[in-house]
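Structural features, examined
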Amino acid sequence: MSKATTAALTAGSANAVKLFVAALAATGAYAGVTAYDAARSAPRPQQAITLQAREVPITSQPAAVAPGAISVSARSGGQGCDRVYLARTVVINPDPAQTVLYRWQLSRWSPYTKRWSVYLVDHSGFGAARRTVSWQARVADNPGWYRVEFAVQGQKTIKSDRFQVSC
């Protein structure tokens with residue numbers, strides 16, 4: 001067999017495979033459309049079903065947040081020792097006509113100084129009577145004990161329970 005014949009057969013086989021894959025995709029799409037139409041004609045359930053995702057709690061605090069408490073949950077992180085945590089609390093603005101300013105802080109326990117030290121800080125605010133506020137903090141390659149602190153301007157700082165980041 002010559003090189004030209006082999007090249008023509010190889011190219012023809014490749015085209016045949018592409019056409020076969022395209023035919024399968026079209027058949028699958030058609031089957032999906034007919035299955036969708038059949039599913040739409042199914043009777044509706046008597047009561048609505050609500051789907052919800054739950055976060056994995058870091059501490060023993062309940063998932064629902066309340067004023068004066070911080071809920072901390074683990075979120076999916078990156079590769080290795082990369083962790084993301086979601087902190088939430090409820091803020092009640094005593095004067096809804098004014099903006100309330102607040103600060104999130106992630107603190108890390110230092111076994112050497114025996115004190116909590118600032119690891120991350122974020123500031124924000126809003127103008128409303130009440131709002132559930134949240135903050136995502138990332139800890140990368142730094143295992144240890146942490147806690148989240150939340151302060152509204154002019155009020156006492158609240159602190160979460162401590163939690164351990166391990167790799």
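Residues numbered from 1 in each chain as written. Predicted model: local features only at pLDDT ≥ 70, side-chain atom pairs only at ≥ 80, totals over all residues. Heavy atoms only, no water.

Quick look at the pattern of salt bridges now. Per the stated rule, a full pass over the model turns up two salt bridges. In this structure, arginine 138 engages aspartate 82 in a salt bridge whose closest nitrogen and oxygen atoms are separated by 2.8 Å. Taken as a pair, arginine 138 in strand E6 (residues 130-140) and aspartate 82 in strand E3 (residues 82-92) lie far apart in primary sequence, 56 residues in all. Note that arginine 147 and glutamate 149 form a salt bridge whose closest N and O atoms lie 2.9 Å from each other. The class of arginine 147 is buried, set by a relative accessible area of 15%. For glutamate 149, a relative accessible area of 8% translates into the label buried. (Salt bridge = Lys/Arg side-chain N within 4 Å of Asp/Glu carboxyl O. Helix = DSSP H or I, 4+ residues; strand = E, 2+ residues; numbered from the N terminus. Buried < 20%, exposed > 50% of the residue type's maximum accessible area, 1.4 Å probe, protein only.)

Right, let's talk about the side chain of glutamate 149 for a bit. Secondary-structure assignment places glutamate 149 in strand E7 (residues 144-152). Only 3.1 Å separates the side chain of glutamate 149 from the side chain of serine 107, close enough to count as a polar contact. Looking at glutamate 149, its side chain comes within polar contact range of the side chain of arginine 147, at 2.9 Å. (Polar contact = N/O pair within 3.5 Å; in protein donor to acceptor, adjacent residues only side chain to side chain.)

With respect to the element layout, glycine 127 can be found in the loop between strand E5 (115-126) and E6. The class of glycine 127 is exposed, set by a relative accessible area of 54%. Considered as a pair, glycine 127 and aspartate 95 are 32 residues apart in the sequence and their alpha carbons are 8.8 Å apart. Sequence-distant contacts of glycine 127, defined by excluding residues within four places in its chain, comprise Pro96, Gln98 and Thr99. (Contact = heavy atoms within 4.5 Å.)

Time to look at the environment of valine 90. With respect to the helices, strands and loops of the structure, valine 90 is situated in strand E3. On the basis of relative accessible area, valine 90 is assigned to the buried category, the value being 7%. A sequence separation of 19 residues divides valine 90 from serine 71, and the C-alpha atoms of the two residues are 9.8 Å apart. Among residues more than four places away in sequence, those in contact with valine 90 are Val65, Ala66, Pro67, Gly68, Arg130, Arg131 and Thr132.

Our next topic: the pairing of E7. Burial analysis of E7 places eight of its nine residues in the buried class, which makes it a mostly covered element. As paired elements, strand E4 (residues 100-110) and E7 share seven bridges and run antiparallel to each other. Residue pairing in the sheet places serine 107 in a bridge with arginine 147 of E7. Sheet analysis places E7 next to strand E9 (residues 163-165), joined by three bridges and oriented antiparallel. Bridge pairing links tyrosine 146 to phenylalanine 163 in E9. Two strands pair when backbone bridges link them, and E7 and strand E8 (residues 158-159) are joined in this way by two bridges, in the antiparallel orientation. Note that in E8 the partner of glutamate 149 across the bridge is lysine 159. Between E7 and E8, which pair antiparallel and follow one another directly, the connecting turn spans five residues, one of which, glycine 154, has a positive phi of 85 degrees. (Pairing = 2+ DSSP bridges.)

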